[in-house]
Amino acid sequence: MKRFHVHLSVDDLGQSIGFYSKLFGQEPTVARSDYAKWMLEDPRVNFAISVRGHAPGVNHFGFQAGDADELQGLKQRAEAAAGDAVLNQGETACCYARSDKHWTVDP
């Protein structure tokens with residue numbers, strides 16, 4: 001089952017972890033010195049924040065697939081929307097996890 005992914009860049013990780021932990025009613029699933037992630041079930045969201053030199057605000061949005069078939073379906077949708085503007089990154093390390101990734105940018 002797919003899960004929506006939101007990644008925000010923040011100025012103060014500790015302050016933001018406190019804020020989002022209270023907002024979501026739970027501590028992060030993953031917490032590192034520059035990154036935190038909540039895997040929420042209601043709504044199904046992979047919500048991440050980081051301090052990695054980007055301006056505060058939206059870093060990226062995406063969809064997390066539950067299996068290879070879902071990922072292929074999402075890739076096909078991205079290609080239908082963006083054509084040649086889809087980057088097929090393949091297996092990569094991102095946000096302290098290894099996974100297959102496909103990226104595109106909206107117009």
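Okay, so let's go over this structure. (Residues numbered from 1 in each chain as written. Predicted model: local features only at pLDDT ≥ 70, side-chain atom pairs only at ≥ 80, totals over all residues. Heavy atoms only, no water.)

1. Observations concerning the nonpolar core
Right, so step 1: In terms of nonpolar packing, the biggest core is built from 12 residues, these being Val6, Leu8, Val10, Leu13, Ile17, Tyr20, Ala36, Trp38, Leu40, Val45, Phe47 and Ile49.
Right, so step 2: For this core, the secondary structure elements donating two or more residues are strand E1 (3–9), helix H1 (13–24), strand E3 (35–41) and strand E4 (44–50).
Right, so step 3: Each residue touching Val6, except ones within four places of it in the same chain, is listed here: Val45, Asn46, Phe47, Ala48, His60 and Phe61. (Core = buried A, V, L, I, M, F, W, Y, C linked by side-chain atoms within 4.5 Å. Buried < 20%, exposed > 50% of the residue type's maximum accessible area, 1.4 Å probe, protein only. Helix = DSSP H or I, 4+ residues; strand = E, 2+ residues; numbered from the N terminus. Contact = heavy atoms within 4.5 Å.)

2. A few points about unusual backbone geometry
Right, so step 1: Here the bond from Asp42 into Pro43 is cis, since omega is 5°, no more than 30 degrees from zero.
Right, so step 2: Here Pro43 shows up in the loop between E3 and E4.

3. Considering the pairing of E1
Right, so step 1: Of all 7 residues making up E1, 6 are buried, and the element is well covered by its neighbours.
Right, so step 2: Bridge count between E1 and strand E5 (residues 57–64): 7 bridges; the pairing is antiparallel. Residue pairing for E5: His7 is matched across the bridge by His60.
Right, so step 3: In terms of strand pairing, E1 meets E4 through 6 bridges, oriented parallel. Bridge pairing in E4 links His7 to Ala48. (Pairing = 2+ DSSP bridges.)

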